[in-house]
Amino acid sequence: MTGIADAILYLKRPYSKDRRKRLVAHFLRPSPQTRFAVLSWKRTGSNLLCGILYNHPEIIMHNELFNPIDIFTYHPKSLNPPPPENDDESQPPPRWTPLIRDLFPNDFLEFIWSGKSCGVNEPIRPKFKAVGFKSFPEHWTDVRNEHIWQDAILEDLRVKKVILYRKDELAVYVSMLRADETGRYMTHNYPENLTFYIDPAKFQNFLDRYRHTFRHKYKSPIVQRDTFWINYEDLSDLEYFQLNIYPHLCKFLGVSQSTNMKILRETVKQANPEEDLSLVIENYEELEYCFRYSDVTHFAKLREQEVMKAGTMSSPVTNQQPEEEVPRGDGCGGTWSVLLPICSRTISQQAKSRHSHSSNQEASFNTNRFSELTQSSQYNDSFDEACWDLLSGFCKSLKETVPLSQMEKFECVVGIDVDDKVYQPAKERLKAMIPCNVVFVDIQPTMYGKLCRIWNHLASKSRNDYIVLFGDDVRLLDCGWPQKIEECFRNISTNTGLPLGAACVAMNDLSFPGFPTFPVIHRWHLNQFGTLLPKQFVNQGGDPFLYELYSRFKTSAWDVSCRLKKNTIGGDGDARYQKYHINWRGHILNMHIRKLKKSVEVRNISGVCLDFVVPSYRTNNNDYLRRIALLRASRDGVYVKFWFVVDNPCKNHVDEVKALANELNAKQLEQSGNYFINVIHYGANRGASYARNTGLRIGFCFSMMM
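Note that the coordinates shown come from a computational prediction; the quantities given were computed from them, not determined experimentally.

*Asks:* Help me understand the overall build of the chain in this model?
*Replies:* Each helix and strand counted, the chain has 28 helices and 17 strands in total. The proportion of buried residues among the 706 residues of the chain is 52%. In the chain, once contacts between residues fewer than 6 apart in sequence are set aside, the share between residues at least 24 apart is 77%. For the chain, the exposed surface amounts to about 33800 Å²; the carbon and sulfur share of it is 49%.

So, in structure tokens, the structure goes:
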């Protein structure tokens, strides 16, 4: 439509927001490069489409930049500033994190539209003509930034919209269930014998949201000019897509149409698009009865083809064998795997490694893991000997606290960097030092600094009953701690009636009292979930995630008699690597709770988790804080965390509140770990609302009190 026609329509209805937007579009100055967003829904082929766009040399394509969990991009190094020229990394330069992104979404969008890397005035691709990313509806609603999406993307007429949809709504819903069940979103095929029960009411709710999204939510004011529609059925036929759609898409984005289309090698068809869903849906007959005469694409297609045969579709018979019950054994019957990643990387080596592996995008997290050793005054001689002394202290404490009769059932899975100059050539010395059987695992450069992923890798090499996560700076203090933890697992199973191993037992870390820094997990957990931690974790949040997951079922416990301490820094302060947080408290935790409910065959979770957020600005109010922190539940199985948010910049006040928290936590930990006080401070007075929102963001629980 011409500008004159838009002006006439506006004059007829000047208060129409839609017509006003269309008229303004003619006067907006176009950006030098095309800005675009791929608007879609989960499990509609968006990974395939984004991979194709990423492989175009004139397009800077990001992935789910606004995912509540983390910032997902094909160019992770663009979010990190370059390392400093010198070796001083005491104050690392700022980088884009999910928290900063959610606090300043407009600034983050402008950074993305610029096409440049953080801290570098150069584009990611030298001759790019378009820059874009992928977005799902929940990316904005979960963090309450939907107005930003509305104003800065949908109604910004300089941003083009590529809308990808899938006609078969039932296939989308089944694919979502598969992904939630298996945790596989891209690179692996789904198991063939995976079946689901679909609640018709929940499917109808999904159907309403799915259709509303594509019919109304994604509708631009000038939809005919700034929107390009693609359906999954055309995209899945790559030959047809390349000949008939890909050239028009390139023209729409203002890039070359002559470039050969390529897909990412990680992209696979996880299920057959032509599969018979009646073999996947356990209650297919019930679902078909509810939607037989509806406009649901799957059932409408069956009506048109006249192939529906009533009464012949029955629930499939699975060939799954019942799981064998884990033997309970006696007090010392369990076998143990100690996951022990060790590294001797120095600051200078770390900086060199960051560049030597720069060709791999994942190496952007390659940060200094053991720099504190070089700064510690107790090691003034040889850095190599400092590493050996640290590891020797752990081995000595392990030998002194584990009875010799049980040491035969211990195995230490040691992860060593492939280019480690100290430990790689000295494996025989390591075998002689560690007082149990040793399994060596090489840690590739892509995992440097990603402690959670290293733990996953080491756990995959374990074959024992109990798995515990340690570091070489840990000192075990109490003799017989393995028997105590095994007894704790058995008591949990007896009291709850759940399988032996469906639990998490945390040891008492005196360096960070009250925090589940070193959880013990059973082999049962790996059998159910496939990995120790979800693959989204990098190096933060793994310990509390495991504890929070099982606390919903009253199977998280704190063995206060199994004490340990750390010989270096850690906890809530500085770490020996660059911390990388993700938002695991929402979708990731809920998905694993649902899977755990299915595994233990319970309908309702029995554990009660509460967070109390208490903003504290006034000084001399420790009496009030003490009364709040001593509140106790009237029933068992309640996990309570108090979050004292101190927004008074006075250092004395912060120290007083921390001292109170340490005192009360120490007394409580003599009994159990169900109550714990956390102190948060950010050195400025930003108001009660900001303090409460901080507690909401950091809290773990579904229920909170202010």
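Anyway, onward from the coordinates.
*Asks:* Can you walk me through the pairing of strand β12 (residues 519–522) in this structure?
*Replies:* Consecutive residues of a regular strand have side chains that alternate between opposite faces of the sheet. Judged by which residues are buried, β12 turns out to be covered on both faces: P519 and I521 on one side and V520 and H522 on the other are all buried. Pairing of strand β9 (residues 466–469) with β12 involves three bridges; the strand directions are antiparallel. Paired with V468 across the bridge in β12 is V520. Where strand β11 (residues 504–509) meets β12, three bridges bridge the pair, whose relative direction is antiparallel.

*Asks:* Would you explain the packing of helix α24 (residues 542–551) against helix α25 (residues 587–600) in this entry?
*Replies:* Each pair of packed helices gets described by two things: the angle between the helix axes and the distance between those axes. Interhelical geometry of α24 versus α25 gives an angle of 45° and a closest axis separation of 10 Å. Between α24 and α25, the angle is such that the two are oblique. In terms of crossing hand, the pair formed by α24 and α25 is right-handed. In this structure, α24 contributes F545, L549 and Y550 to the contact, and α25 contributes I588, L589, H592, I593 and L596. Partitioned by chemical class, the residues of the contact of α24 with α25 number seven nonpolar, one polar and no charged.

*Asks:* I keep staring at the packing of aromatic side chains and nothing clicks. Help me out?
*Replies:* For any pair of aromatic rings, the description rests on two quantities: the centre-to-centre distance and the angle between the ring planes. With the rule as written, the count across this model stands at 33 aromatic pairs. Both rings, one in Y173 and one in F203, keep their centres 5.4 Å apart while their planes meet at 65°; by these two values the pair is edge-to-face. Residue Y173 is found in helix α8 (residues 169–182), and its partner F203 is found in helix α9 (residues 200–217); the two are separated by 30 residues along the sequence. Classification of Y173 by relative accessible area gives buried; the value is 11%.

*Asks:* Would you take a moment to explain the sheet that holds strand β4 (residues 159–165) for this structure?
*Replies:* The strands making up a sheet are joined through hydrogen bonds of the backbone, oriented either antiparallel or parallel. If you trace the five strands from one edge of the open sheet to the other, you get β2-β3-β1-β4-β5, paired in parallel fashion. In this open sheet, the two strands that pair with only one neighbour each are β2 (59–64) and β5 (227–231). Averaged over neighbouring strand pairs, the angle between their axes works out to 20° when direction is ignored. Where β2 lies against strand β3 (residues 130–135), four bridges are found, and the strand directions are parallel. When the bridges of β3 are listed, I60 appears paired with V131. Together, β1 (34–39), β2, β3, β4 and β5 form the strand contacts of helix α3 (residues 46–54), whose direction differs from that of β2 by roughly 155°. Running over the sheet, helix α7 (residues 146–154) touches β1, β3 and β4 and is turned about 115° from β4.

Cut-offs used in this document
- Residues numbered from 1 in each chain as written.
- Predicted model: local features only at pLDDT ≥ 70, side-chain atom pairs only at ≥ 80, totals over all residues.
- Heavy atoms only, no water.
- Helix = DSSP H or I, 4+ residues; strand = E, 2+ residues; numbered from the N terminus.
- Buried < 20%, exposed > 50% of the residue type's maximum accessible area, 1.4 Å probe, protein only.
- Contact = heavy atoms within 4.5 Å.
- Areas by Shrake-Rupley, 256 points an atom, 1.4 Å probe, with all protein chains shown as cover.
- Pairing = 2+ DSSP bridges.
- Axes fitted to C-alpha atoms, helices over the stretch in contact; angles between N-to-C directions.
- Parallel < 35°, antiparallel > 145°, perpendicular 65-115°, else oblique.
- Left-handed = near helix turned anticlockwise from the far one by under 90°.
- Nonpolar A, V, L, I, M, F, W, Y, C, P; charged D, E, K, R; others polar.
- Phe/Tyr/Trp six-rings, centres within 6.5 Å; stacked < 30°, edge-to-face > 60°.

Worth remembering: the numbers are spatial, not functional.
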